[in-house]
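# Breakdown of the fold
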Amino acid sequence: MSPVPLLSAENLARYHPLPRRHPFAARSFFMAVDGVSFTLQRGDFFGIVGESGCGKSTLARLLMLLEPATAGRVSFEGEDLFSLPARQLRLRRRHFQMVFQDPYGSLDPRLSVGRIVAEPLRLEVNGSSREERKERVAAVLEAVGLQASDARKYPHEFSGGQRQRIAIARALITRPSLIVADEPVSALDVSVQAQVLNLLLDLQEEHGLTHLLISHDLAVVEQVCNRIAVMYLGRFVETGSTEDIFREPAHPYSRLLLEALLGRDLTRRRRHRKTADPSATPSRGCAFRPRCPLAIERCAREAPRLKAIAPGRAAACHVL
Amino acid sequence: MSALTRYATLFVGGAITFTLLAMALLSRVWTPAPPTQIRISQRLAPPLEAGLLGADHFGRDIASMLMVGAWNSLSIAFVAVLLGMAAGVLLGTLAAAWRGWAEEVVMRLADVTFAFPAVLSAIMIAALIGPGVTTAVIAIGVFNIPVFARIARGAALQVWKRDYILAARSAGKGALLITLHHVLPNIAGLLVVQATIQLALAVLTEAGLSFLGVGVPPPNPSWGRMLSDSQTYLSQAPHLAILPGLAIALAVLGLNMLGDGLRDVMDPKLRRKR
Amino acid sequence: MLEVKDLAVRIGAPPTELALLERVSFRLEAGRTLGIVGESGSGKSVLALAIMGLLPAGLRASGSVRLQGQELLTLSEKELCRIRGNRIGMIFQEPMTALNPAMSVGDQIAEGLEWHQGLSRRAARARALDLLQRVGIPEAKRRLDDFPHQLSGGQRQRVGIAIALACGPQLLIADEPTTALDVTVQAQILDLLADLVAEMDMGLILISHDLGVIAETADETLVIYAGVPLEFGTSRVLFQKPLHPYTRGLLSSMPGGRGGRRARGVRLPTIAGVVPEPGRRPPGCRFAGRCPYEVAACNAALPDWHRLEGSQPARCIRLKELP
């Protein structure tokens, strides 16, 4: 009997209407997220991998209810978040928090670190006194490897890696069960990336957190995630455990990504690769078809759905 | 560009503005001579013969008139710009926070207001409530509203795109509080710079209004009216026109330079330190 | 072909002068690629600007940069203009901002040809078409009059490469050319660069913080930390057996870095501390304070290049004793 998943998304979609060519033309849509479903269990470190434009950041914002979904549902601990009235939704927010990509843009330069980190405390059910807030801020700053006295300082006094720690501290302060991290280390130097990734792992162990990590960097995802979803143009094309996907990627796009990233054995020199121009996207059928070495006739007609190919693994491809 | 040249505009502008402010404030407690005192014996006296800067066609001391005029000009400009800024920033930031049709309505209202130049509005208002300080303040103030609304909205929209706004929304903050806590502090610098520039414009406009007779009423001295009165005596006593004209030009120059200087100084700071 | 000796870039005036970069020396032959690796604060970004003579006001370069025997640092702005875009081409990180959004792609490529080589507009356009095809833009003829915003990120970077190559430069400097691109596109761009370098017998200086990119493309690698080069050698050897503690730490801390894959969830080894800012750098070895092998002598003076038998030089006084 599997427990209620911590987070569950069903057919999440976000469409943007595109400007019509003329008033009587059919309306077409840009599908930033096109029918994504998955579940997150407590204790997971779930990674969503994809290149720019695949919709992973939009998906993160949909899950955090920072953007309205055009369709679908998000449930947290079994409760449908979209159906909640605004006040109740606000109160639920303390259970899931987000860390953003840009350490320079995610902290208000005009506020002190203490005020920045304390901001989510307003989500708490009971008010807290000034003293209590100060203590909580100090505790959470220390939990991320900074000092309590840093609360008085301002963001520009910190390096990129430290700012990201501040952002993580802010996400932690309401003691959430879930942290969604959108490219948390992409903007950081290599040597600092490791520090922040280690921190996320530590926090997961110490506080029983569940993480949802979004990244374009497969190496990062491989290092810390136990389950992965590969995203391409608004859809999940493959899901499964990290081990499975890395050992034997099923979907052609997953294979392409793995080759481009991890085929980078640092001791070997470059090999020639042939990849088609990614700027041509078909409107029918599988979005990956123009680049796919395995495409068959059916791929042009019908967009494949994500279906199980093995226990715990699913892929969206007609050929498998 | 060395530090000196970078701050030069700021210093010079600041110095001029400060001097004028000082003069204006001083005039509240002391002037070389009562500015409204008529001394026919001294009429049209050139500078240094009667008082530092001479006397006008009624024998009034020009230096004193200029000082009180400074107070009038600057106080009207200041109040008008302040009112316009308050209303404009309010409208602009709310438009940016609410978006949608509310934003459209606000911006179109701003457009409509732009269509009426301050001078025209002043004349219309004067027709309703008569000329005077209030008329000038209202006319100039109203014209400032769309200026600030546009700038505030543009700047606010840029701030709304930042991730720290998303973080605030994650923390459950509503649009109003976000505007108050995050948007306003981050656009404040821009607004201050714009305000100094609008002040310069306001001084000029006030002078224009007084010149036309819809501004500060006599006998209260006003630069614009001094200019207007001096027209008849242009050939006899050019100092009657030159001096107030110079005062206006100096005020506008000083305020503009202050605004430019502030913008230059703020610019590199706005660029992020990496 | 290119010889750099003791290049240093400083900011400010004595006594408050700070060195952003110092003691950089290397040689580059035609047809070879030199990779320059560094994190933020390493000074790698000013290196490219120093060679091109494009340092912003307040920064001064000293030392020697000789392109085919000609000293570049002492040239006048006018003479430098004749060399930039002509004998030295530069590719930038952000293809969107490096291209003029108001000019067609073809015009931007043709510009350099008309200016440096005096080609007529028609001849320059023809050559621009050739270049677009060479850098792999499909339907080049149609694209010639397109504007940058009509192209994808990868295509824009290809255009940037075409512009840099237009006059057949001897030296190509690429400053983080793939950082802003998707991974699958990165590979294509790197392949393209490698092909062009071989075909046109140019020297390429590739600057990046991405060790993977450098490892794949550069023949030799120079590792810079806090403004000082710390290790230099053949890429293959350097990445397989890094010697300097910084390089080793860097490679170990990369997810998916050297030594194959680590077990998932195992904490990555990290380098403690942060890169020191100019002005707050240790007086001796710049890596002091973060180095696991540090001894007191490390702070005495900046180490010279030390060499082990048959391997690459590194600035570490304890090179022989390191495990």
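Residues numbered from 1 in each chain as written. Chains lettered and ligands numbered in written order. Predicted model: local features only at pLDDT ≥ 70, side-chain atom pairs only at ≥ 80, totals over all residues.

### Structural notes on the overall build of chain B
Across its full length, chain B carries nine helices and zero strands. Start at the N end of chain B and walk to the C end: the helices and strands fall as α-α-α-α-α-α-α-α-α. A principal-axis box enclosing the C-alpha atoms of chain B has dimensions of 75 × 50 × 30 Å. A separation of at least 24 residues holds for 72% of the contacts in chain B among residues at least 6 apart in sequence. (Helix = DSSP H or I, 4+ residues; strand = E, 2+ residues; numbered from the N terminus. Contact = placed C-beta atoms within 7 Å.)

### Looking at the pairing of strand 9 (residues 227–232) of chain A
All names here are of chain A. Of all six residues that make up strand 9, six are buried, and the element is covered over most of its length. The side-chain alternation of strand 9 yields two buried faces, one formed by R227, A229 and M231 and the other by I228, V230 and Y232. Sheet analysis places strand 3 (residues 45–49) next to strand 9, joined by four bridges and oriented parallel. Across the sheet, the residue bridging to G47 is I228, located in strand 9. Pairing analysis gives six bridges linking strand 9 to strand 10 (residues 235–241), with the strands arranged antiparallel. (Buried ≥ 20, exposed ≤ 12 C-beta atoms within 10 Å, placed from the backbone. Pairing = 2+ DSSP bridges.)

### A closer look at the packing of helix 7 (residues 153–165) of chain C against helix 8 (residues 183–200) of chain C
Residue and element names in this part refer to chain C. For the pair helix 7 and helix 8, the least separation of the axes is 10 Å and the interaxial angle reads 15°. The angle between helix 7 and helix 8 places the two elements in the roughly parallel class. Considering only the axes of helix 7 and helix 8, their crossing is right-handed. Residues G153, G154, Q157, R158, I161 and L165 of helix 7 form the contact with helix 8, whose own contacting residues are V185, Q188, I189, L192 and L196. Grouping the constituent residues of the contact of helix 7 with helix 8 by class yields six nonpolar, four polar and one charged. (Axes fitted to C-alpha atoms, helices over the stretch in contact; angles between N-to-C directions. Parallel < 35°, antiparallel > 145°, perpendicular 65-115°, else oblique. Left-handed = near helix turned anticlockwise from the far one by under 90°. Nonpolar A, V, L, I, M, F, W, Y, C, P; charged D, E, K, R; others polar.)

### Remarks on the packing of helix 4 (residues 105–117) of chain C against helix 7 of chain C
Residue and element names in this part refer to chain C. In the contact formed by helix 4 and helix 7, the axes pass within 8 Å of each other and the chain directions differ by 20°. Overall, the two elements helix 4 and helix 7 adopt an arrangement that is roughly parallel. At the point where helix 4 passes helix 7, the crossing takes the right-handed sense. When helix 4 is examined against helix 7, the residues V105, Q108, I109 and G112 are found in contact with a partner set consisting of V159, A162 and I163.

### Re the sheet that holds strand 4 (residues 59–67) of chain C
All names here are of chain C. One open sheet holds the four strands; their spatial order is 2-1-4-5, and the pairing between them is antiparallel. Edge strands, defined here as strands with exactly one partner in the open sheet, are strand 2 (18–28) and strand 5 (70–71). Relative to strand 4, strand 1 (residues 2–11) runs antiparallel, the two sharing eight bridges. When the sheet's bridge partners are listed, L2 is paired in strand 4 with L67.

### Brief notes about the domain arrangement of chain C
Residues and elements named next belong to chain C. Per the domain assignment, the segments of chain C are domain 1 (2–87 + 167–321) and domain 2 (95–166). The interface of domain 1 with domain 2 comprises 13 residues on the first partner and 15 residues on the second. Here the side of domain 1 that touches domain 2 gets five residues from one element, more than from any other, and that element is helix 8. Tallied by class, the residues present in the side of domain 1 that touches domain 2 amount to ten nonpolar, three polar and no charged. (Domains from an automatic or database assignment.)

### Points about the nonpolar core
Grouped together as the largest cluster of nonpolar side chains are 262 residues, with contacts concentrated most on V117(A), V180(A), V230(A), A139(B), V203(B), A162(C) and I173(C). Each of domain 1 (2–87 + 167–321) and domain 2 (95–166) of chain C accounts for three or more of the residues forming this core. Once you skip the residues sitting within four places of it in the chain, V117(A) turns out to touch V137(A), V140(A), L141(A), A151(A), I166(A), A169(A), R170(A) and I173(A). (Core = buried A, V, L, I, M, F, W, Y, C linked by C-beta atoms within 7 Å.)

### Quick look at unusual backbone geometry
Put simply, P218(B) and P219(B) share a cis peptide bond, and its omega is 5°. When you line up the elements, P219(B) lands in the loop between helix 7 (175–212) and helix 8 (223–230). Phi at L233(A) is positive, roughly 45°, even though this residue is not glycine. You can see L233(A) is positioned in the loop between strand 9 and strand 10. The class for L233(A) is buried, based on 20 C-beta atoms found within 10 Å.

### Overview of the confidence of the model for chain C
In the predicted model, chain C carries a mean pLDDT of 86, and 97% of its residues have values of at least 70. For this predicted complex, the interface score ipTM comes out at 0.82, alongside a pTM of 0.82. (pLDDT = per-residue confidence, 0-100.)

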